[in-house]
Amino acid sequence: MGYTTVSEIAFNEIRQAILSGKFRPGERINQKQLTEELGISIIPLREAFKQLQSEGFISIIPHRGAYVNELSLREIEDVYLIRIELEELAAQLASKRLTQRDVKTMETLFARMKSATERNDFRSLFNLNRKFHFTVYQACRRPLLLELLNELWDRSTRYRTIQTHDAQRVKEELGEHRDILEACNRENKRGLPEAIRFNVQKSLERSLSNMDLSDS
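Residues numbered from 1 in each chain as written. Predicted model: local features only at pLDDT ≥ 70, side-chain atom pairs only at ≥ 80, totals over all residues. Heavy atoms only, no water.

A. Representation of the overall build of the protein. Looking only at helices and strands, one finds 9 helices and 3 strands in the protein. Along the protein, helices and strands appear, N-terminal first, in the series α-β-α-α-β-β-α-α-α-α-α-α. For 216 residues, the compact-globule estimate of 2.2 N^0.38 gives 17 Å, and the C-alpha radius of gyration of the protein, at 19 Å, lies within 12% of that figure. Along the first, second and third principal axes, the C-alpha set of the protein runs to 60 × 35 × 30 Å. Per-residue burial for the protein yields a buried fraction of 45% across its 216 residues. When contacts within the protein are restricted to residue pairs at least 6 apart in sequence, those whose partners lie at least 24 apart make up 72%. Counting only carbon and sulfur atoms, one obtains 48% of the accessible surface of the protein, whose full area is about 11900 Å². (Helix = DSSP H or I, 4+ residues; strand = E, 2+ residues; numbered from the N terminus. Rg over C-alpha atoms; globule rule 2.2 N^0.38 Å. Buried < 20%, exposed > 50% of the residue type's maximum accessible area, 1.4 Å probe, protein only. Contact = heavy atoms within 4.5 Å. Areas by Shrake-Rupley, 256 points an atom, 1.4 Å probe, with all protein chains shown as cover.)

B. Highlighting helix α3 (residues 42–54). An ideal rise of 1.5 Å per residue puts 18 Å on 13 residues; α3 measures up with 18 Å between its terminal C-alpha atoms. For α3, every residue scored as buried is listed here: Pro44, Leu45, Ala48, Phe49 and Leu52. Projected down its long axis, α3 shows its buried positions confined to an angular sector of 150°, all on one face. Facing away from the buried side of α3, by more than 90 degrees, are the exposed residues Ile43, Lys50 and Ser54. Structurally, α3 contributes buried residues whose contacts are with α1 (6–20), β1 (28–29), α2 (31–38), β2 (58–61) and β3 (65–68). (Expected span 1.5 Å × (residues − 1). Arc of directions from axis to C-beta.)

C. The packing of α2 against α3, seen in detail. Contact pair α2 / α3: the axes reach a minimum separation of 10 Å and the direction vectors enclose 110°. Looking at the two axes, α2 sits roughly perpendicular to α3. α2 and α3 meet at a crossing whose hand is right-handed. Two secondary-structure elements touch here, α2 through Gln31, Leu34 and Thr35 and α3 through Ile42, Leu45, Arg46 and Phe49. Among the residues making up the contact of α2 with α3, the classes are represented as 4 nonpolar, 2 polar and 1 charged. (Axes fitted to C-alpha atoms, helices over the stretch in contact; angles between N-to-C directions. Parallel < 35°, antiparallel > 145°, perpendicular 65-115°, else oblique. Left-handed = near helix turned anticlockwise from the far one by under 90°. Nonpolar A, V, L, I, M, F, W, Y, C, P; charged D, E, K, R; others polar.)

D. Just the sheet that holds β1, in detail. The strand order across the open sheet formed by 3 strands is β1-β3-β2, and the pairing between neighbours is antiparallel. The outermost strands of the open sheet, each flanked by one partner alone, are β1 and β2. (Pairing = 2+ DSSP bridges.)

E. Spatial organisation of the pairing of β2. Bridging between β2 and β3 involves 4 bridges; their strand directions are antiparallel. Paired with Ile61 across the strands is Gly65, a residue of β3.

F. Quick look at the nonpolar core. Membership of the largest hydrophobic core comes to 42 residues, with the highest contact counts inside it found for Phe132, Val136, Tyr137 and Leu192. When residues of this core are traced back to their parent elements, those giving at least two are α4 (73–94), α5 (100–118), α6 (122–137), α7 (143–160), α8 (167–185) and α9 (192–209). Counting residues per element, this core draws most heavily on α4, at 9 residues. (Core = buried A, V, L, I, M, F, W, Y, C linked by side-chain atoms within 4.5 Å.)

The structure is reproduced here in structure tokens:
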């Protein structure tokens, strides 16, 4: 993905820092330090801050500065409840268009996920999990739906990155992805939307069980 303006570059860098946990919930973002690190002036940084605020990543408090928004139980529930419905819809639409090449890509990704699970390589699993799911969703060929799903995944990533991971949890997730892959290999992709829905529902349950969030 290309970025055409300095403010877009700044927006992406700061958003990734929030998603990765480099900037923690409630933390004040040092604007002077950021301008030095990114090699930009204060004007494009403020433009980036406005966009980050509009997308719910930060809050700008007059005379105090910019702060990373706290994590919220209500937000994670909202995000996942919407994801459940939209991802099931995307899978239903994609089931008619998934190609054998798509399925082969998923098989390769699943093999890498299995290896990463055995190594407890959680960083790789985050990236592989997203690629695996979006190999399915991209086949729906609905640009707006894909745009919404990408935004929702970005929001939920904030929550997933702070969770405590354990071997049992990632084994459960691997089994759910195996079920999705098996559904993709069936004639007419029977059971794919249901397998997707089950996986996202379980992700919500696991997220809630591992978080101590304020209901705000």
